[in-house]
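# Results of the structural survey
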Amino acid sequence: DVGSTTTKARLFGIKDGEWRYIESGETPTTVEAPFEDVTRGVMNAVREIEDLTGLQILSDIDEGLIVPFDGKKGVDLYCTTSSAGGGLQMMVTGVVKNMTAASANRAALGAGAIVMDVLASNDKRAAYRKIQRIRSLRPDMILMAGGTDGGAKSHVVEMIELIKAAEPKARLGASYDLPVVYAGNKAVRPIIEELLGSTCALNCVDNIRPILEVENVEPARRAVHELFMEHVMSHAPGYPRLMKWTDVDIMPTPAGEGIAMQLIANTYNKNVIGVGLGGATTNVYSVFEGRFVRSVSANLGMSYSICNVMKESGLDNIIKWMPFEIGYDEVRNTLRNKMIRPTTIPQTLRELIIEHSVAREALRLGLEHHRTIATTLKGARGASAMERGITTQGIESSYI
């Protein structure tokens, strides 16, 4: 896993007739200068496993991996997840903020993205503000939803025209077209192809909300992952080389973690909740009664974003977890040092306890955020009057 701060290698093998976790290797990620090549970090992590196990995994010829295992050296399968360089950063749009826009948000989160902003026709921002926001974000990809199949088109077209007017640029690879996934009212496809087809890498898929009572996010998720591989990964430092090492597509780390949670839930037929606490983000996953939900708190992490946790939770909430007396200044300075040196690890037990206390607060804040996303479908007939809200009921027919 090529993380934002650390690259982790995990070796699994058959021991006593069963598959077991064998060994780990961890090194700083090498996505930034002076290396700017993620394969350096991958090879360093794999070499650590080689040193610990005595098993040769890296080839002496081309520094790639030896695949398959020949009985003495190599591995049978190598697969990679990644959140380095900020991971997959997306913007999503919809018509009604807590209906089609919320469904698009869930689809992007389920695909492993960090959602930078959610734009909707009824989010009360002026058109010029939305255009300014779109231009300033520079996302890796845009996911557009809105309208039920055969429903009203005007508000969906309005969001398309805002995207066209903003002329958004991609974060990586300035010379290529920004990927746009359209998963809205299928009657609008000819219009979006006319307006955005020549300036964006447009991909139209099945509607996320074909009717109000149904949420169909899987086609959009698949399209996001395919475009992530084709456009985003191919422009990241060292990823073209890393992609040649594996027969399995590189997957955003949160998407891989989400698949693991769903596998556990399906295997044991249980409800599951899990957390991915990273250097830049905190991801929370839940599978409840077969429904998978992922939330990402994009600015709550343990290295690059550690001071955001301090800001959101407050120093008092962090200090309450510590088993010793400590002043505000010491906590504040320790966390600031961590933020400006994100790859460092605690050198004393006192520093470790401070980071553990921050981790508790990041988990608490992440779970609170998750609870706002893991809700029933808004706008569906089964939703309660409070969930639908007077405003939503009033605009539902005209927007959707």
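Residues numbered from 1 in each chain as written. Predicted model: local features only at pLDDT ≥ 70, side-chain atom pairs only at ≥ 80, totals over all residues. Heavy atoms only, no water.

Moving on: the overall build of the protein. Of the regular secondary structure elements, the protein holds 14 helices and twelve strands. For a compact globule of 400 residues, the expected C-alpha radius of gyration is about 21 Å, and the protein comes in at 23 Å, within 12% of that figure. Along the longest, intermediate and shortest principal axes, the C-alpha atoms of the protein span 65 × 55 × 45 Å. Taken across its 400 residues, the protein has 50% of its residues classed as buried. A separation threshold of at least 6 residues defines the contact pool for the protein, and within that pool the share at least 24 residues apart is 62%. (Helix = DSSP H or I, 4+ residues; strand = E, 2+ residues; numbered from the N terminus. Rg over C-alpha atoms; globule rule 2.2 N^0.38 Å. Buried < 20%, exposed > 50% of the residue type's maximum accessible area, 1.4 Å probe, protein only. Contact = heavy atoms within 4.5 Å.)

This part is about the packing of helix α4 (residues 154–166) against helix α5 (residues 189–196). Helices that pack against each other are described as a pair by the angle of their axes relative to one another and the distance between those axes. In the contact formed by α4 and α5, the axes pass within 10 Å of each other and the chain directions differ by 10 degrees. Considered as vectors, α4 and α5 are oriented roughly parallel to each other. Contacts between α4 and α5 involve Val157, Ile160, Glu161, Ile163 and Lys164 on the former and, on the latter, Ile191, Ile192, Leu195 and Leu196. When the residues that make up the contact of α4 with α5 are grouped by side-chain class, the tally is seven nonpolar, no polar and two charged. (Axes fitted to C-alpha atoms, helices over the stretch in contact; angles between N-to-C directions. Parallel < 35°, antiparallel > 145°, perpendicular 65-115°, else oblique. Nonpolar A, V, L, I, M, F, W, Y, C, P; charged D, E, K, R; others polar.)

Quick look at the confidence of the model for the protein now. Put simply, the protein has an average pLDDT of 87, and 93% of its residues get 70 or more. Mean pLDDT per element in the protein: helix α13 (residues 385–388) is the minimum at 30, and helix α10 (residues 315–319) is the maximum at 96. Segment residues 382–400: pLDDT under 50, and 37 contacts once partners within four positions in sequence are set aside and those in other chains are kept. (pLDDT = per-residue confidence, 0-100.)

Right, let's get into α5. Of all the residues in α5, the buried ones are Ile192, Leu195 and Leu196. Along the axis of α5, the buried residues cluster in a sector spanning 75 degrees; they form a single face. Along α5, the residues that are exposed and aim more than 90 degrees away from the buried face are Pro190 and Glu194. The inward-facing, buried residues of α5 abut β6 (141–144), α4, β7 (178–182) and β8 (200–204). (Arc of directions from axis to C-beta.)

Moving on, we get to the side chain of Arg294. Mapped onto the secondary structure, Arg294 falls in strand β12 (residues 291–297). Within the structure, the side chain of Arg294 is placed 3.0 Å from the backbone oxygen of Ala113, a separation counted as a polar contact. Among the polar contacts listed, one links the side chain of Arg294 to the side chain of Asn283, at a separation of 2.9 Å. Among residues more than four places away in sequence, those in contact with Arg294 are Ala108, Leu109, Gly110, Gly112, Ala113, Pro254, Asn283, Val284, Tyr285, His370 and Ile373. (Polar contact = N/O pair within 3.5 Å; in protein donor to acceptor, adjacent residues only side chain to side chain.)

With 16 residues, helix α1 (residues 38–53) should reach 22 Å at 1.5 Å per residue; the first-to-last C-alpha distance of 23 Å fits that figure. Buried within α1 we find Val38, Thr39, Gly41, Val42, Met43, Ala45, Val46, Ile49 and Glu50. Contacts made by the buried residues of α1 are with β1 (6–15), β2 (18–28) and α7 (239–245). Downstream of α1 by a residue or two, Gly54 has a phi angle that is positive, lying close to 80 degrees. (Expected span 1.5 Å × (residues − 1).)

The omega torsion across Val67 and Pro68 is 5 degrees, close enough to zero to call that bond cis. Assignment of secondary structure puts Pro68 in the loop between α1 and β3 (81–82). Despite not being glycine, Asp16 has its phi angle at roughly 55 degrees, a positive value. With respect to the helices, strands and loops of the structure, Asp16 is situated in the loop between β1 and β2. Of note, the phi angle at Lys124 is positive, near 70 degrees, even though the residue is not glycine. By secondary structure assignment, the location of Lys124 is in the loop between β5 (113–120) and α3 (127–137).

Moving on, we get to the pairing of β6. The alternating pattern of β6 places Met141 and Leu143 on one face and Ile142 and Met144 on the opposite face, and all of these are buried. Where strand β4 (residues 88–94) meets β6, four bridges bridge the pair, whose relative direction is parallel. Looking across to β6, one finds that Thr93 is bridged to Met144. Both β6 and β7 contribute to a ladder of three bridges, which runs parallel. Residue pairing across strands places Ile142 opposite Val180, the latter belonging to β7. (Pairing = 2+ DSSP bridges.)

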